[in-house]
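Per-entry structural report
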Amino acid sequence: MDTARTACDPISGIPNILSIAGSDPSGGAGIQADIKSISATGGYAMAVVTALTAQNTRGVTAVHTPPTDFLRQQLDAIAEDVRIDAVKIGMLGSAAVARCVGAWLDHARPPVVVLDPVMVATSGARLLDDDAVRAVVDLARRASLVTPNIAELAVLVGADPAASWSAALEQGRVLAVRLGTRVLVKGGHLPGERCPDALIPAPQDATGGPDTVVLDGCRVPTENTHGTGCSLSSAIATRFAVTGDWPTAVREAKSWLEGALQGADLLDVGAGSGPVHHFHAGPDPRAHQRFTELAWRDIGELRRNLLELPFLTALMEGDLPATDFAYYLQQDALYLRDYSAVLARAAAMAPAEDEQLFWLSAATSCLQTEAELHRTWLSGKTGIRAGEGDAGPVTRAYCDHLRAVAGRGSYAELVAAVLPCFWLYAAVGDHVQERVQERVQERPQGRPGGHGPSGPHPYAAWIATYADPGFAEATARAKQIADGAHRRASPVERTAMLAAFRWSAAYERDFFDAPRARAAARRAPADLREGAVLA
Ligand SMILES: Nc1ncnc2c1ncn2[C@@H]1O[C@H](COP(=O)(O)OP(=O)(O)OP(=O)(O)O)[C@@H](O)[C@H]1O
Ligand SMILES: Cc1ncc(COP(=O)(O)O)c(N)n1
């Protein structure tokens, strides 16, 4: 059997794994365990049933084996239609079934076959006829990896069960030579605090090839070990189809199984040896939540702090010092130029044309807004000319953060990083508009826009820009795109999205506070100012 690196779907990275095994209606072993294990470790699970058992966590009461020609029809139906990246074989039950599966393997030639030579259930019930052992040995010669437990290893080499780890390793070596394939020796049934497994190479590999790899593990103190062999072999098949490396596949599968054993006592299934918790690590519950809901809740306190900033209160009251306002606008203009470049990068990374167009148009309107800022606000009114002034520390840090995500992060992360500029700015706009309206109603003669005792509101025209319906629309679309990217993202990416969003939100808040921070720093004694040279 060819065991070179398999090529699972290069786009999704999700391999198609076929389990050929018996059914355990209690769900802990057999195809039910295989489907959970394959799904939990990143594969797409398919299953062909060799035998039906009447079984629970206490034992097996009956076995029904459908005709082998029907088994062959199931196998052919899959092979004729689906790319199979790896096969896992479990309970075969009879010599006829084993021969039928062997003939199909010769015909279909799947790239990887992991054989768990199931003979006896944990409960003690026989799951393989005596005369079937010969047929299973024949089948094992076609496998890429065979994963017997201590008792099965002994049957396959025709010896008594190994009583020690070194005896088990020796039997594993004998079996690898006899079958001409690699063998995983499993220490689960040996006494001791450790639970090692060992990957013994096929004899042809051993000459100048890899040595035996021992994969150590802790013994998890639980009685709920029903289906560990089924789950492990399915996970190995899946991880090999993804990684293309046997030691890596076994290491990853074993580490996942250890978690499943640690989580086993959380389940309440039956009175006997219960199943392991296949989904101890997920599925990621965030997959079912909207990113915008998660992220907005996450920055709840930050949002409250932002809306209470003295800058915004003074802007609404109309007593914001003109120098602070000018500094804010000047920093905004500098920021928008970088932000536009980052949005253009989002357009380049976008997976679909409509998103590409959205980011491109957002990038363009940033540049237009920047130009408008200079034309209408920065020239004349504030005395600051276009291109004048340096980026302050907050602008610099915010832009650095965005550029870093644009350079290193995924599309999903970048979308999360650019979102606060839309969303928090829109939230500030709504807040300012709302408060100003309230004040107009309270003091119709007052500000803004009116001519009260203290004259017209100096920032009325600026405040009016917050009511732009086009910006509200763009914000809604950016949120929708972020939710879509989050749905498609991996768990790791989802975490990165939240972190990127959180950082941008913090910079957004600091951006509105920067004029006050700068003015305070200017008022500080000369020897406390940044960059002061002290004698
Ligand atoms: N209590 C445990 N703690 C940690 N790992 C365990 C424990 N029991 C078994 N394992 C691991 O589970 C895997 C399956 O080993 P085991 O020897 O139990 O196979 P098996 O007998 O074929 O399984 P099954 O119980 O399904 O028949 C191995 O990686 C083994 O090291
Ligand atoms: C259908 C089926 N396949 C395999 C096993 C072995 O699993 P375990 O040894 O954990 O009982 C089983 N009990 N039932």
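- The name given to the protein chain in an unreviewed UniProt entry is Bifunctional hydroxymethylpyrimidine kinase/phosphomethylpyrimidine kinase, with Arthrobacter agilis as the source organism.
- As recorded by UniProt, the Pathway (unreviewed entry) comment attached to the protein chain reads in full: "Cofactor biosynthesis; thiamine diphosphate biosynthesis; 4-amino-2-methyl-5-diphosphomethylpyrimidine from 5-amino-1-(5-phospho-D-ribosyl)imidazole: step 3/3."
- Heading Function (unreviewed entry) of the UniProt record for the protein chain holds this comment: "Catalyzes the phosphorylation of hydroxymethylpyrimidine phosphate (HMP-P) to HMP-PP, and of HMP to HMP-P."

Quick notes on the overall build of the protein chain
- Along the protein chain, the regular secondary structure elements total 19 helices and nine strands.
- By the burial criterion, 51% of the 535 residues in the protein chain qualify as buried.
- Considering only contacts in the protein chain between residues 6 or more positions apart, those separated by 24 or more positions represent 72%.

Notes on the sheet that holds strand 5 (residues 113-115)
- Reading across the sheet, the nine strands line up as 3-2-1-4-5-6-7-8-9 and stay open at both edges, with mixed pairing between neighbours. With partners counted over all chains shown, the strands left at the sheet margins are strand 3 (59-64) and strand 9 (213-215), one partner each.
- Note: strand 4 (residues 86-89) against strand 5, three bridges, orientation parallel. The residue of strand 5 that forms the bridge with Val-87 is Val-113.

Some points on the side chain of Ser-340
- Looking at where Ser-340 falls in the secondary structure, it is placed in helix 13 (residues 322-349).
- Judged by relative accessible area, which is 6%, Ser-340 ranks as buried.
- Those residues in contact with Ser-340 that sit more than four places away from it in its chain are Ala-363, Cys-366 and Leu-367.

Some remarks on the site of ligand 1
- Residues in close proximity to ligand 1 total 19 residues, the closest being Lys-186, His-189, Asp-197, Val-220 and Gly-229.
- Between an oxygen atom of ligand 1 and a side-chain N or O atom of His-189, the distance comes to 2.4 Å.
- In this structure, Val-220 approaches ligand 1 through a main-chain N or O atom, which is 2.7 Å from a nitrogen atom.
- Starting from 610 Å² of accessible surface for ligand 1 in isolation, the protein chains cover 94%.
- Every element with two or more residues in the shell around ligand 1 is listed here: helix 8 (228-243) and helix 9 (246-262).
- Ranked by residues supplied to the shell around ligand 1, first place goes to helix 8 with four residues.

A short note on the site of ligand 2
- Taken together, 14 residues are adjacent to ligand 2, and Gly-22, Gln-55, Thr-122, His-226 and Gly-227 come closest.
- Residue His-226 places a side-chain N or O atom 3.3 Å away from an oxygen atom belonging to ligand 2.
- Gly-227 is positioned such that a nitrogen or oxygen atom in its backbone is 2.5 Å from an oxygen atom of ligand 2.
- For ligand 2, whose unbound accessible area comes to 360 Å², protein coverage reaches 92%.
- Residue classes in the shell around ligand 2 are distributed as seven nonpolar, seven polar and no charged.

Observations regarding the confidence of the model for the protein chain
- In this model, the protein chain carries a mean pLDDT of 89, and residues with pLDDT of at least 70 account for 89%.
- Within the model, pLDDT remains below 50 along residues 1-5, and this stretch shows 17 contacts once partners closer than five positions in the same chain are excluded.
- Counting contacts from residues 446-453, a segment whose pLDDT is below 50, to residues more than four positions away or on other chains yields 19 contacts.

Some words on the environment of Val-342
- Its place among the elements puts Val-342 in helix 13.
- If near-sequence neighbours (up to four positions away) are discounted, Val-342 is found in contact with Leu-402, Arg-403, Ala-406, Leu-414 and Val-418.

Considerations on the environment of Glu-372
- Mapped onto the fold, Glu-372 is located in helix 14 (residues 353-378).
- Glu-372 gets classed as partly exposed once you look at its relative accessible area, which sits at 33%.
- A C-alpha to C-alpha distance of 9.3 Å links Glu-372 and Ala-333, two positions 39 residues apart in sequence.

What to know about the state of the cysteines
- Scanning all chains against the criterion turns up zero disulfides.
- Cys-366 takes part in no disulfide bond, and the closest cysteine sulfur, belonging to Cys-421, lies 6.5 Å away.
- Its sulfur unpaired, Cys-399 is 9.6 Å from the next cysteine sulfur, which belongs to Cys-421.

Thoughts on the packing of helix 13 against helix 14
- In contact at an axis separation of 8 Å, helix 13 and helix 14 are set at 160° when each is read in the N-to-C sense. Regarding the angle of helix 13 to helix 14, the classification is roughly antiparallel. Every pair of crossing elements has a handedness; the one defined by helix 13 and helix 14 is left-handed.
- Of the residues assigned to the contact of helix 13 with helix 14, the class counts are 19 nonpolar, five polar and three charged.

Describing the packing of aromatic side chains
- The final tally for this structure, using the stated rule, is 25 aromatic pairs.
- Ring plane angle 55° and centroid distance 6.2 Å describe the contact between Phe-311 and Phe-512, whose orientation is recorded as tilted. Residue Phe-311 is found in helix 12 (residues 310-317), and its partner Phe-512 is found in helix 19 (residues 491-523); the two are separated by 201 residues along the sequence. Comparing Phe-311 with Phe-512, the two get one shared label, buried.

Things to note about the pattern of salt bridges
- Summed over all chains, the structure comprises 16 salt bridges.
- Arg-142 is the partner of Asp-106 in a salt bridge, and the nearest nitrogen-oxygen pair spans 2.8 Å. In this pair, Asp-106 sits in helix 3 (residues 95-108) while Arg-142 sits in the loop between helix 4 (133-140) and strand 6 (145-146), placing the two residues 36 residues apart along the sequence.
- In this structure Arg-142 comes out as partly exposed when scored by relative accessible area, which is 24%.
- Among the salt bridges present, the one from Asp-216 reaches Arg-194, with a minimum N-O distance of 3.1 Å. Of this pair, Asp-216 sits in the loop between strand 9 and helix 8 while Arg-194 sits in the loop between strand 7 (182-186) and strand 8 (197-200); the two residues are 22 residues apart in sequence, bridging distant segments of the chain.
- Connected via shared salt-bridge partners are Asp-338, Asp-400 and Arg-403.

What counts and how
- Residues numbered from 1 in each chain as written.
- Chains lettered and ligands numbered in written order.
- Predicted model: local features only at pLDDT ≥ 70, side-chain atom pairs only at ≥ 80, totals over all residues.
- Heavy atoms only, no water.
- UniProt positions renumbered as here; feature names shortened; annotations may be inferred.
- Helix = DSSP H or I, 4+ residues; strand = E, 2+ residues; numbered from the N terminus.
- Buried < 20%, exposed > 50% of the residue type's maximum accessible area, 1.4 Å probe, protein only.
- Contact = heavy atoms within 4.5 Å.
- Pairing = 2+ DSSP bridges.
- Near = heavy atom within 4 Å.
- Polar contact = N/O pair within 3.5 Å; in protein donor to acceptor, adjacent residues only side chain to side chain.
- Areas by Shrake-Rupley, 256 points an atom, 1.4 Å probe, with all protein chains shown as cover.
- Nonpolar A, V, L, I, M, F, W, Y, C, P; charged D, E, K, R; others polar.
- pLDDT = per-residue confidence, 0-100.
- Disulfide = S-S within 2.5 Å.
- Axes fitted to C-alpha atoms, helices over the stretch in contact; angles between N-to-C directions.
- Parallel < 35°, antiparallel > 145°, perpendicular 65-115°, else oblique.
- Left-handed = near helix turned anticlockwise from the far one by under 90°.
- Phe/Tyr/Trp six-rings, centres within 6.5 Å; stacked < 30°, edge-to-face > 60°.
- Salt bridge = Lys/Arg side-chain N within 4 Å of Asp/Glu carboxyl O.

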